[in-house]
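The primary structure of each chain is shown beneath.
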Amino acid sequence: MNDHVTATRSIRRRLIVRLLASAAILAVILFLVVQSFGRQLGQESQDNILAASVTSVLDAVTVQDGALNVDIPYSAFSMLGNISDDRVFYRIEQNQAYLTGYEDLPFAEGLTTESQPAFATEQYLGEDIRLVTASRKLSLNNQPVVVRATIAQTRNGQKQTLRQISQTVLFLGIGFFAIAMVLTFYAAQSTIGPLRRLAASVSRRGPQDLRPVESPVPSEMVPLVRSLNQFIGRLKKSLSQSEEFIAEAAHRVRTPLATVRMQAEVTLRRVERDENREALREMIRAIDESSRAAGQLLDHAMVTFRTDHLVVESFDFQVLVDELVTRLRPIAELKEIDLGWQMGKPALIKGDAILIQNAVRKLIDNAIKYSPTESSIKLTLSQGRSGISLQLIDQGIGFPEKDFELLTDRFVRGSNAQDTIGSGLGLTIADDVANAHGGSLELKNNTEGVGACVTFYLPLR
Ligand SMILES: Nc1ncnc2c1ncn2[C@@H]1O[C@H](COP(=O)(O)OP(=O)(O)OP(=O)(O)O)[C@@H](O)[C@H]1O
Ligand SMILES: [Mg+2]
């Protein structure tokens with residue numbers, strides 16, 4: 001049987017790879033979203049404080065004695081203070097002319113109305129700063145004057161907070177991925193579980209178990225199980241057809257041959273001329289050969305077919321041999337051959353009883369066929385720890401000295417078998433049956449005296 005099946009990547013692995021890839025993408029998205037949200041939140045809170053600070057600075061600008069007086073309150077800057085000691089800069093202008101603070105401090109463009117401060121992120125003194133610019137209109141000596149204030153703060157504190165958030169989110173992402181990994185393995189395992197159970201239940205079956213699969217399966221597997229059941233049904237039908245065919249063919253070939261033989265024998269008794277009698281004897285011999293060949297061929301076909309589908313059952317090997325001896329004794333007695341056989345302890349064995357019976361019959365048949373009249377055949381059953389062997393010792397012509405092993409090949413007959421009818425399939429059948437059960441067939445000649453010694457060995461399963 002060809003056991004080779006081309007396997008592509010396993011479903012379980014595919015599922016794991018896909019689910020893990022999705023989990024990794026989700027973890028990265030989670031990381032990026034939370035990080036940008038944190039950055040936005042950090043910026044918004046810094047902007048709010050900067051706006052409050054610039055408002056309080058502008059509120060502190062007053063007109064005193066015909067001049068602008070800027071008395072920046074401590075609270076305007078203290079509200080900007082934080083743990084990372086961010087530096088704060090300011091610049092105040094009067095009608096776009098520098099008034100106080102850092103003269104080169106940039107200001108945020110796009111200042112529209114007094115109530116809406118503008119924000120910008122710039123570089124100042126080699127550091128990132130966030131700045132806010134707001135303005136206020138005042139009246140100085142009945143002249144309108146615009147006071148513009150810019151407050152800037154370095155962004156170290158915000159960056160540090162962002163780093164902390166990123167780190168937390170990174171751990172969160174890794175944790176999420178680890179949990180997803182465990183769930184993925186569990187999901188993949190449970191998804192392919194029904195497939196595994198189906199495969200196990202089918203492969204556990206014996207060769208004769210051709211029942212349809214009836215255990216419930218997930219809906220996706222229904223078409224597969226349905227096809228499998230249909231296939232099992234077809235196989236069952238074809239097996240029973242083959243068995244019927246073998247039996248039918250045996251019947252159809254042997255029955256007309258038996259009729260022809262009977263007619264030939266009747267005619268033989270009637271004819272008197274020697275040459276006609278000789279011709280009829282030849283005819284009867286040819287019929288016997290054909291009939292035997294047909295029988296052996298059909299037995300061989302049956303054995304070949306059954307060794308692929310062994311029907312293993314437990315039975316007493318001794319009872320099987322005993323039945324065969326009883327059945328074949330009349331044939332042996334025709335040649336006045338004594339079949340020596342004695343029942344002993346029960347010999348329980350597991351195997352296909354029909355095949356084993358067929359094999360042993362071929363061996364007893366050979367022993368009778370190749371033994372001279374008035375001889376004896378001894379059958380001994382011995383039980384060892386690993387198996388049971390049946391030994392047949394006859395007092396016949398023995399195996400030819402050369403090419404012993406070849407005698408178990410199909411249609412091979414020995415040089416000692418010229419005068420006997422046969423097709424060279426008996427030992428092939430016995431050998432095939434022994435091998436199908438993990439046993440062996442040993443052929444040798446008796447060391448003491450004449451005759452063959454055949455050992456049919458079957459292991460205990
Ligand atoms: N007991 C035996 N004594 C001597 N020779 C044997 C014995 N059994 C088998 N042989 C030899 O082995 C050969 C093969 O035996 P096998 O049973 O396969 O074929 P066959 O007896 O010739 O024909 P058939 O198919 O009708 O049995 C025989 O032709 C014979 O030469
Ligand atoms: Mg034979």
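Residues numbered from 1 in each chain as written. Chains lettered and ligands numbered in written order. Predicted model: local features only at pLDDT ≥ 70, side-chain atom pairs only at ≥ 80, totals over all residues. Heavy atoms only, no water.

## Some thoughts on the pattern of salt bridges
Two side chains of opposite charge can pair, provided their charged atoms sit close to one another.
Phase 1: All chains considered together, the criterion is met by 15 salt bridges.
Phase 2: Note that Arg-130 and Asp-47 form a salt bridge whose closest N and O atoms lie 2.7 Å from each other. With Arg-130 in strand 6 (residues 127–140) and Asp-47 in helix 1 (residues 11–59), the pair connects residues that are 83 residues apart, well separated along the chain. Accessibility assignment for this pair places Arg-130 and Asp-47 in one class, buried.
Phase 3: Taking the shortest distance from any N to any O, the salt bridge between Asp-128 and Lys-159 comes out at 3.3 Å. A residue pair is termed long-range when its members are at least 10 positions apart, and Asp-128 in strand 6 and Lys-159 in helix 3 (residues 156–203) qualify at 31 residues.
Phase 4: One salt-bridge network, in which partners are shared between bridges, spans Arg-91, Glu-93 and Arg-148. (Salt bridge = Lys/Arg side-chain N within 4 Å of Asp/Glu carboxyl O. Helix = DSSP H or I, 4+ residues; strand = E, 2+ residues; numbered from the N terminus. Buried < 20%, exposed > 50% of the residue type's maximum accessible area, 1.4 Å probe, protein only.)

## Notes on the domain arrangement of the protein chain
Phase 1: Annotation of the protein chain at the domain level lists domain 1 (14–163), domain 2 (207–309) and domain 3 (311–461).
Phase 2: For domain 1 and domain 3, the distance between their C-alpha centroids amounts to 107 Å. (Domains from an automatic or database assignment.)

## Observations concerning a nonpolar patch on the surface
Phase 1: Nonpolar side chains collect at one region of the surface, where Ile-25, Leu-26, Ile-29, Leu-30, Val-33, Leu-172 and Phe-176 lie side by side and expose about 620 Å² of accessible area between them.
Phase 2: Structurally, Leu-30 is set in helix 1. (Patch = residues over 30% accessible without salt bridge, like charges linked within 9 Å, V, L, I, M, F, W, Y side chains within 5 Å. Areas by Shrake-Rupley, 256 points an atom, 1.4 Å probe, with all protein chains shown as cover.)

## A few points about the packing of helix 5 (residues 274–308) against helix 8 (residues 426–436)
Phase 1: At their nearest, the axes of helix 5 and helix 8 sit 10 Å apart, and the two run at 10° to each other. With respect to each other, helix 5 and helix 8 are oriented roughly parallel. For the pair helix 5 and helix 8, the contacting residues are Gln-296, Asp-299, His-300, Val-303 and Thr-307 in the first and Gly-426, Thr-428, Ile-429, Asp-432, Val-433 and Ala-436 in the second.
Phase 2: Among the residues making up the contact of helix 5 with helix 8, the classes are represented as four nonpolar, five polar and two charged. (Axes fitted to C-alpha atoms, helices over the stretch in contact; angles between N-to-C directions. Parallel < 35°, antiparallel > 145°, perpendicular 65-115°, else oblique. Contact = heavy atoms within 4.5 Å. Nonpolar A, V, L, I, M, F, W, Y, C, P; charged D, E, K, R; others polar.)

## Regarding the nonpolar core
Phase 1: Counting residues in each nonpolar core, the largest one holds 49 residues, and the members touching the most others are Phe-317, Ile-356, Val-360, Ile-364, Leu-379 and Phe-456.
Phase 2: At nine residues, helix 7 (residues 353–369) tops the list of elements feeding residues into this core.
Phase 3: Split by domain, this core shows at least three residues from each of two domains, domain 2 (207–309) and domain 3 (311–461).
Phase 4: Once residues within four sequence positions are removed from consideration, Phe-317 is found in contact with Ala-347, Ile-349, Ile-356, Val-360, Leu-381, Ile-388, Leu-390, Phe-456 and Leu-458.
Phase 5: Core analysis: the second largest hydrophobic core is formed by 17 residues, Leu-68, Ala-76, Leu-138 and Ile-151 among them. (Core = buried A, V, L, I, M, F, W, Y, C linked by side-chain atoms within 4.5 Å.)

## Considering a positive patch on the surface
Phase 1: Taken together, the side chains of Arg-9, Arg-13, Arg-14 and Arg-18 define a basic patch exposed on the protein surface.
Phase 2: Counting through the fold element by element, Arg-18 comes out in helix 1. (Lys, Arg positive; Asp, Glu negative; His and termini not counted. Charge placed at Lys NZ, Arg CZ, Asp CG, Glu CD.)

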